[in-house]
Amino acid sequence: MTIVRLAGGVGIGAVLFFLLMPTLLIVPMSLNGTAYIELPPRGLTLRWYLDYLADPDWRAATVFSLKIALSTAVAATATGTLASLAIVRGSLPGRNALKALAMAPMIVPHVVFGVALYLVFSPIGLTGNFTGFLIAHCVLSIPYVVITVSAALERFDPALERAALSCGASRTRAFFSVVLPNIAPAVAVAAVFAFLASFDEATVAFFISDTGGKTISRKMFEDIDFNLTPVIAAVSTLMVAISLLLMGSVELLKGRREE
């Protein structure tokens, strides 16, 4: 059994290393001393990070993406949490249909969704602006919120909420005083997932972007086609760092809450 466990551990470690290796290789590429991407790098420099910060197009795309991602995290988390309450605690006759509808954006290919959004948004002027991106990214992010928050609600003992109601609390006060504090870690995780789903999204951005509004993911793919330099690796490294920082923060908060 020891040999089997050791072999299994080695196999799992090899798979994880294979999955993480492309991401890890981005870091030395971003520090390459030459003006083109190569591995191993020839010398180490922070020039490409400075070029990224000095480029107004990169800065504009980054700020635009952050604004959309933060707004999406707030809107999708609020909407998805309310939808989760209706699905888990509600007595609606169409709860299963509502859950299937909430999960639909995860099933429909993003290319198809992007084409549909372009055909709908283009005539009404919602391409390339904040409102159009916010609507699109909320639709894409809500399924992650529903899955995460619904799981937390199913584990939460409804007797605690009923006890608050029996003591005279309204449903709104019972939710904010009893339910929400107990599912707060799940809501925080859902908000992080919603933020990352928006910040990293690239496929739909191809269809609803224009010269007036461009996300960082769209900017990256454009530069890969026309201006491939280590700046791409530097931006990729920063995006990975943001993702790791957010997930680490959530785990830290969860650990403190469990203590």
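Residues numbered from 1 in each chain as written. Predicted model: local features only at pLDDT ≥ 70, side-chain atom pairs only at ≥ 80, totals over all residues. Heavy atoms only, no water.

K.L.:
Explain helix α2 (residues 47-54) here, please?
P.N.:
For an α-helix the count is 3.6 residues per turn, leaving residues at separations of three or four pointing the same way. Of the positions making up α2, those classed as buried are W48, Y49 and Y52. Around the axis of α2, the buried residues are gathered within 105 degrees of arc, so they sit on the same side. Facing away from the buried surface of α2 by more than 90 degrees, the exposed residues are L50, L53 and A54. (Buried < 20%, exposed > 50% of the residue type's maximum accessible area, 1.4 Å probe, protein only. Helix = DSSP H or I, 4+ residues; strand = E, 2+ residues; numbered from the N terminus. Arc of directions from axis to C-beta.)

K.L.:
Would you explain the nonpolar core in this entry?
P.N.:
A general trend in soluble globular proteins is that nonpolar side chains are found buried together. If you look at the biggest cluster of nonpolar residues, it comprises 24 residues, and the most contacted ones within it are A76, V145, V146, V149, L153, V179 and I183. For this core, the secondary-structure elements that each account for two or more residues are α3 (56-88), α4 (95-107), α6 (130-155) and α8 (171-199). When residues of this core are assigned to their parent elements, the largest contribution, 9 residues, is made by α8. Among residues more than four places away in sequence, those in contact with V146 are G80, A83, S84, I87, A102 and M103. (Core = buried A, V, L, I, M, F, W, Y, C linked by side-chain atoms within 4.5 Å. Contact = heavy atoms within 4.5 Å.)

K.L.:
How do you make sense of the environment of F64 when you look at a structure like this?
P.N.:
Its place among the elements puts F64 in helix α3. According to the relative accessible area criterion, F64 is buried, its value standing at 13%. For the pair F64 and K214, spaced 150 residues apart in sequence, the C-alpha separation works out to 7.2 Å. Apart from the residues lying within four places of it in its own chain, the contact partners of F64 are N129, F130, F133, G213, K214 and T215.

K.L.:
Explain the packing of aromatic side chains to me, please; I cannot follow it from the model alone.
P.N.:
The description of an aromatic ring pair rests on the distance of the ring centres and on the angle between the ring planes. Enumeration over the complete set of coordinates arrives at 5 aromatic pairs. Summarising the aromatic geometry, the rings of Y52 and W58 are spaced 5.9 Å apart at their centres and angled 65 degrees between planes, so their arrangement reads as edge-to-face. Using a relative accessible area of 9% as the deciding quantity, one classes Y52 as buried. On the basis of relative accessible area, W58 is assigned to the buried category, the value being 2%. With 5.4 Å between their ring centres and 90 degrees between their planes, F64 and F133 make a pair best called edge-to-face. A residue pair is termed long-range when its members are at least 10 positions apart, and F64 in helix α3 and F133 in helix α6 qualify at 69 residues. A cation sits over an aromatic face here: K219 above W58, 5.3 Å from the ring centre. (Phe/Tyr/Trp six-rings, centres within 6.5 Å; stacked < 30°, edge-to-face > 60°. Lys NZ or Arg CZ within 6 Å of the ring centre and 35° of its normal.)

K.L.:
Looking at this model, I keep getting lost on a nonpolar patch on the surface. Mind explaining?
P.N.:
On the surface, I12, V15, L16, F17, F18, L19, L20, M21, L24, L25 and L39 cluster together into a nonpolar patch covering about 1,100 Å² of accessible area. Within the fold, L19 resides in helix α1 (residues 2-30). For L19, a relative accessible area of 57% puts it in the exposed group. (Patch = residues over 30% accessible without salt bridge, like charges linked within 9 Å, V, L, I, M, F, W, Y side chains within 5 Å. Areas by Shrake-Rupley, 256 points an atom, 1.4 Å probe, with all protein chains shown as cover. Salt bridge = Lys/Arg side-chain N within 4 Å of Asp/Glu carboxyl O.)

K.L.:
Looking at this structure, how should I read the packing of α3 against α6?
P.N.:
Helix packing geometry: the angle between the two helix axes and the distance between the axes. Contact pair α3 / α6: the axes reach a minimum separation of 6 Å and the direction vectors enclose 40 degrees. As judged from the angle between their axes, α3 and α6 are oblique. α6 is crossed by α3, and the crossing has right-handed handedness. Per-class residue counts for the contact of α3 with α6 are 17 nonpolar, 10 polar and 2 charged. (Axes fitted to C-alpha atoms, helices over the stretch in contact; angles between N-to-C directions. Parallel < 35°, antiparallel > 145°, perpendicular 65-115°, else oblique. Left-handed = near helix turned anticlockwise from the far one by under 90°. Nonpolar A, V, L, I, M, F, W, Y, C, P; charged D, E, K, R; others polar.)

On their own, these measurements won't tell you what the molecule is for.
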